[in-house]
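Fold and contact review
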Amino acid sequence: MGYAVETASKNGFSGMIRMVVGFDATGRVLNVNVLEQNETPGLGTKMADEGNPLFASFEGRNPGEMKLAVKKDGGDVDALTAATISSRAYVDAMARAYAAYKQIAEGVAPAASDTASGATATGGDAEAAADSAANAELKAQLKAELLSEIRAELSSEVKTAVSKEADKPSRLTVGGYGEAVMTRNFFSDNYLRYISPDKYKNDKSHGRFDLPHVVIYLGYDFGRGWSMGTEIEFEHGGTESAFETEFEEGGEYESEIERGGEVALEQFWLQKSFSPAFNLRLGHMIVPVGGTNQHHMPTEFFGVYRPEGENTILPCTWHETGISLWGRAGDWRYEVMFLPGLDSDRFGDNGWVSGGAGSPYEFKIANAYAGAFRIDNYSVPGLRLSLSGYAGNSFSNTLSANRTGADRYKDVKGTVMIGAFDFLYDAHNWIVRGNFDYGHLTNSDKISQFNRDMPNASPSPKQYVGSDAIATGVEAGYDIFSQIRKLKERGHRFYVFGRYEFYDSMFDTAKSVIRQDWCGRQRVAVGFNYYPIKNIVIKAEYGIGLLRSYDYTDSATGETRTGRFNNEPSLSLGIAYSGFFRR
């Protein structure tokens, strides 16, 4: 005699999981067939593979003699790698199947329905046809009890059909992220340190406390595929106005107003979802170019601060008002975006085009348009490979009156082209991330001259701009707590990491543009990330910026000599959180 029990759990990473479990007469598991699941490709989807660790833990065993939990939670079940939530849902469904089996095997006729799990069981014993009237009554009572359970435990998707509106979960999503850091810089902070390196190489260290980013996220699901998302950011612990010193302006203090407001509205969009593969988003959103823009929360990089290279040459976090089309199908995710072009007025030497995003005005100038795209692939378990890019003109996106009708600028477009590759590997207790970004700006010589001629009151930094910029980096970290059983079971993680970067915002320049050699550097960093719980990380990092040598003319002899910019070591500590919560 045997039993086949159909069961389900609503607790999968992406919703409902349904499967059929075969038991023998003694309650041992014979087989499992996964009927429905929408888990992450290459991770949770492995629950349907033959011989997967979940099924192997149950095969030939009686669940009543097991501790029904994954080993991470103190149980007897081997979880899928990097798919703990999916594994817990599988175990939950198995527990429901075993409960239904026991109720049936203890006297209820085969074909009883486990409505709490959406399951039915059938027996191969012909004696079932001779059940007594008492058993039939017990069967009816059992079905009534199990029917009551379904109303409390099925997913919100199924509840829509059988429950009242008041039983639905909240449509409001609240979350965000934030960072608090302390840094000690063991190099000069004098504004002339790149003009006269030898003079400032023995300067004292200086320290800083900072709140780089504190973000509040609010989202709402209106229903019928319509949703909304917002992000409000408080940058550096206050309003988006600051004083800084500019060495191009003789070290004078300069008031800087960023993005025209006291706080930054990083995102505000409305979205219509037609299917997982086709979603239309309109409003203010992240431009998906580069690894850091797409994955910028503090739990998505090891350093105390965001990766320095991408954060220098690209707007970061880059957010613009536009139209986006995105979706996911199988192992592929895509996104294309139409948006206004960057503003070349605010391009510069050290930041390349990063200052050209957003607007210092109460609106975004859109005389020129641009396009961006991103493609992600998840075919290999634990690995994401991503390609992204951007193209658009920039020279006409200005309020500068003297640009109109100036013959020498009439053919200048200032086309910005950016190509980027990034990846993530997260498996076997390793996390490895990397990026390569390359950008080209046409007419950089004309833009440099135009910006340097702008009045002091303009929003332009009035600097030379490189024609090409580059940023590349890789970081790798290993969770040493994965080898300490008690800490691993408690969910603690401790990554020891190293990072290498090379970037240069003036990687190439036009002939008439003065190259600033200090804009190119390597950076090496080591440190750790400790996660006491999933959403909180404590970070420590020692890094050093390795600057290059440069040639100069000795004023006394007239000879060409070689000097070197001072390296820039620093020690940073930080704590951060990141979480998106739905009741």
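Residues numbered from 1 in each chain as written. Predicted model: local features only at pLDDT ≥ 70, side-chain atom pairs only at ≥ 80, totals over all residues. Heavy atoms only, no water.

Topic: the overall build of the chain
The helix and strand inventory of the chain stands at 9 helices and 26 strands. Taking as baseline every contact in the chain between residues at least 6 positions apart, the subset at least 24 positions apart corresponds to 64%. Carbon together with sulfur atoms contributes 55% to the accessible area of the chain, which is approximately 28,000 Å² in total. (Helix = DSSP H or I, 4+ residues; strand = E, 2+ residues; numbered from the N terminus. Contact = heavy atoms within 4.5 Å. Areas by Shrake-Rupley, 256 points an atom, 1.4 Å probe, with all protein chains shown as cover.)

A few points about the confidence of the model for the chain
Taken over all residues, the pLDDT of the chain has a mean of 85, while the share at 70 or more is 82%. Long-range and interchain partners of residues 108-134, a stretch whose pLDDT sits below 50, account for 62 contacts in this model, where long-range means more than four residues apart. The model gives residues 145-166 a pLDDT under 50, and that stretch makes 27 contacts with residues more than four places away or in other chains. (pLDDT = per-residue confidence, 0-100.)

With respect to the environment of Ala476
Examined against the element boundaries, Ala476 turns out to sit in strand S20 (residues 468-479). Between the C-alpha atom of Ala476 and that of Tyr495, which follows or precedes it by 19 residues, the distance is 9.0 Å. For Ala476, the contacting residues outside a window of four places in its chain are Phe302, Trp430, Ile431, Val432, Val496, Phe497 and Gly498.

Looking at the packing of aromatic side chains
Scanning the entire structure with this criterion turns up 26 aromatic pairs. Plain terms: the ring middles of Phe302 and Phe497 are 5.2 Å apart, the flat faces sit at 10° to each other, and that makes the pair stacked. Here Phe302, found in the loop between helix H6 (291-294) and helix H7 (308-313), pairs with Phe497, found in strand S21 (residues 493-508); they are 195 residues apart in sequence, far enough to count as distant. The exposure classification of Phe302 matches that of Phe497, with both residues buried. Taken together through their ring pairs, the aromatic side chains of Tyr3, Phe23, Tyr98 and Tyr101 make up a single cluster. One cation-aromatic arrangement involves Arg433 over Phe302; the distance from NZ or CZ to the ring centre is 4.7 Å. It is Arg493 that lies over the ring of Tyr531; its NZ or CZ is 4.2 Å from the centre. (Phe/Tyr/Trp six-rings, centres within 6.5 Å; stacked < 30°, edge-to-face > 60°. Buried < 20%, exposed > 50% of the residue type's maximum accessible area, 1.4 Å probe, protein only. Lys NZ or Arg CZ within 6 Å of the ring centre and 35° of its normal.)

A few points about the pattern of salt bridges
One pass over the structure, following the stated rule, counts 24 salt bridges. Here Asp73 ties to Arg88 by a salt bridge, and the two come within 2.7 Å at their closest N and O atoms. Taken together, the residues Asp73 in the loop between helix H1 (53-58) and helix H2 (84-105) and Arg88 in helix H2 connect sequence positions 15 residues apart. When its relative accessible area of 38% is taken as the criterion, Asp73 is described as partly exposed. (Salt bridge = Lys/Arg side-chain N within 4 Å of Asp/Glu carboxyl O.)

Details of helix H8 (residues 444-452)
Taken together, the buried positions of H8 are occupied by Ser444, Ile447, Ser448, Phe450 and Asn451. Looking at the packing, one finds that the buried side of H8 touches strand S19 (430-441).

Focus: the side chain of His296
Locating His296 in the fold gives a position in the loop between H6 and H7. If we skip the residues at most four places from it in the chain, His296 touches Tyr177, Glu231, Ile286, Phe301, Arg306 and Thr317.

As for the environment of Ile544
Turning to its location among the elements, Ile544 is positioned in strand S23 (residues 536-547). Apart from residues lying up to four places away in sequence, Ile544 is in contact with Gln522, Arg523, Val524, Asn567, Glu568 and Pro569.

Brief notes about unusual backbone geometry
That bond from Cys316 to Thr317 is cis: its omega, 0°, falls within 30 degrees of zero. Mapped onto the elements of the fold, Thr317 is located in the loop between H7 and strand S14 (319-329). For His428, which is not a glycine, the phi torsion comes out positive at approximately 55°. Structurally, the position occupied by His428 is in the loop between strand S18 (416-427) and S19.

Comments concerning the nonpolar core
Nonpolar side chains tend toward joint burial in soluble globular proteins. One finds Trp318, Leu342, Trp352, Tyr390, Val416 and Ile418 to be the most contacted residues of the largest nonpolar core, which totals 31 residues. Elements that contribute at least two residues to this core include exactly strand S15 (332-340), strand S16 (369-377), S18, H8 and S20. In terms of nonpolar packing, the next biggest core, distinct from the first, is built from 29 residues, Met47, Phe55, Tyr90 and Ala93 among them. (Core = buried A, V, L, I, M, F, W, Y, C linked by side-chain atoms within 4.5 Å.)

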